[in-house]
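Notes for the structure review
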Amino acid sequence: MSITTGTTTGTTPAEVERAEARTAHNYHPLPVVLAHGEGAWLTDVDGRRFLDLLAGYSALNFGHSHPRLIGAAHAQLDKLTLTSRAFIHDAFADFCAALGDLCGKELVLPMNTGAEAVETAIKVSRKWGYEVKGVPADRARIIVASGNFHGRTTTIVGFSDDPDARDGFGPFAPGFDTVPYGDLAAIEAAITPDTVAVLVEPIQGEGGVVIPPEGYLRGIRELCSRENVLFAADEIQAGLGRTGRTFACDHEGVVPDLYILGKALGGGIVPVSAVVGNRDVLGVLKPGQHGSTFGGNPLACAVGHEVVDMLATGEFQTRATDLGVVLRERLDALVGHGVVAVRSRGLWAGVDIDPSLGTGRQVCERLMARGVLAKDTHGSTIRLAPPLVISDEDLHWGIDQLAAVLG
Ligand SMILES: *Cc1c(COP(=O)(O)O)cnc(C)c1O
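This write-up is about the structure you can find in this document.

Conventions and cut-offs
- Residues numbered from 1 in each chain as written.
- Predicted model: local features only at pLDDT ≥ 70, side-chain atom pairs only at ≥ 80, totals over all residues.
- Heavy atoms only, no water.
- Helix = DSSP H or I, 4+ residues; strand = E, 2+ residues; numbered from the N terminus.
- Buried < 20%, exposed > 50% of the residue type's maximum accessible area, 1.4 Å probe, protein only.
- Contact = heavy atoms within 4.5 Å.
- Areas by Shrake-Rupley, 256 points an atom, 1.4 Å probe, with all protein chains shown as cover.
- Lys, Arg positive; Asp, Glu negative; His and termini not counted.
- Charge placed at Lys NZ, Arg CZ, Asp CG, Glu CD.
- Pairing = 2+ DSSP bridges.
- Axes fitted to C-alpha atoms, helices over the stretch in contact; angles between N-to-C directions.
- Core = buried A, V, L, I, M, F, W, Y, C linked by side-chain atoms within 4.5 Å.
- Domains from an automatic or database assignment.
- Near = heavy atom within 4 Å.
- Nonpolar A, V, L, I, M, F, W, Y, C, P; charged D, E, K, R; others polar.

**Considerations on the overall build of the protein chain**
- If you tally the helices and strands in the protein chain, you get 14 helices and 15 strands.
- If you line up the protein chain on its principal axes, its C-alpha atoms span 65 × 50 × 40 Å.
- Per-residue burial over the protein chain gives 55% buried out of 407 residues.
- Expressed as a percentage of contacts within the protein chain between residues at least 6 apart in sequence, the contacts between residues at least 24 apart total 73%.
- Carbon together with sulfur atoms contributes 53% to the accessible area of the protein chain, which is approximately 17,100 Å² in total.
- Between the centroid of the 34 positive side chains of the protein chain and the centroid of its 49 negative side chains there is a distance of 3 Å.

Below, the structure is given as structure tokens:
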């Protein structure tokens, strides 16, 4: 395998300019225009190769063009792609059953994007609150955590504390109480008779791979059970193998009432998200009360089902665990050499760069110049989330490049 090092400066500026000319600038991408992907590697329009250490924010846990996923998509493309939920199609039942089994839950509600799944969990939690818990009409409250990222809809950004995500988009929906992430006592203190759910990420991805103190998730589970409140775990980025377990909640042996899934569920091919729970919760929805034109479409179900089958073997979780040890060892060795702190679980790390070496963005630009694509989160934190199919050798090479740009 030929790897270009030290010479790559990104895609031809004219190509980058063309790509940016007619788009709203709600992103600030690295100046690289990609044309092909396989496994952990991407190739740009000029034929330069890059190691992907972002994996579509974990949407590409199985890498680019995984043959099983591409095969499932191709087979379904030739048969049936969309019916709407007005009718039933023949890929639906098996996908829902397989995903339900993976989660150990009775029912699956498929949507498309992560934000839609979070919105769905909010709606289900409120309806459960009114119809099952007996909260008075329009009084339902949901506890969320500071530093959260749950998506970009107006309701969701309304309970974000990131000014970029929030400012200028109000007025916002009421009904959310924010408490510090990782603080169990704060959740306990915030619960009132009107509280219907605690909505948290088991690990905060966009926040910089922030791992809560041991016992936090178990504590939320106990509190929620005791206080008759739903535990809704946003596993959109943390779930589906990334941390070395199927779900990040598994690390504390915790089962939430609602799993909120997305990203990798679509195999890097189509947007597939879902809310998964038991009948006593998801059963509150009756025909006409919630829906999605594309949710649970045949192509999504075919790809999602293949993803579930791949995860059911445990092979990718094991790989994330094993490579996670390598990643952690290599990153720990950089602490004091340009790295201030490392947080990781499985093949997922937040790396705080010494701010005197530049912003996270600048470090990512230098990585790109060495043939590695990664993404900063806040300020000087870089999130590393390689595809779980990355080879040991390529992972080492990627970290070598990080060490070089920090050295
Ligand atoms: C990405 C993400 C979302 C939103 O998913 P979209 O598909 O971009 O709408 C929600 N929650 C978490 C934890 C995420 O990482």
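**Observations regarding the sheet that holds strand S5 (residues 141-145)**
- Pairing in this open sheet of seven strands is mixed, and the strands run S4-S10-S9-S8-S7-S5-S6 from one edge to the other. Each end of this open sheet is capped by a strand with a single partner; those strands are strand S4 (107-111) and strand S6 (176-179). When strand polarity is set aside, the average angle formed by the axes of neighbouring strands in this sheet is 20°.
- In this structure, S5 lies alongside S6, joined through four bridges in parallel fashion. Within the sheet, the bridge partner assigned to Ile143 lies in S6 and is Asp177.

**Regarding the nonpolar core**
- By size, the foremost hydrophobic cluster in this structure holds 68 residues, and its most contacted members are Leu99, Leu261, Leu265, Leu331, Leu384 and Leu402.
- Here this core gets eight residues from one element, more than from any other, and that element is helix H11 (residues 298-312).
- For this core, the domains that each give at least three residues are domain 1 (13-65 + 319-406) and domain 2 (67-312).
- The residues touching Leu331, leaving out its near neighbours within four places in the chain, are Val342, Ala349, Val351, Leu384, Ile399 and Leu402.

**Some remarks on the site of the ligand**
- Every residue lining the ligand is accounted for by Thr113, Gly114, Ala115, Phe149, His150, Gly151, Glu201, Asp234, Ile236, Gln237 and Lys263.
- When the ligand is considered free in solution it has 380 Å² of accessible area, and contact with the protein chains removes 81% of it.
- Of the residues that constitute the shell around the ligand, the class distribution is three nonpolar, five polar and three charged.

So, to be careful, I would describe these as geometric facts and stop short of saying anything about function.
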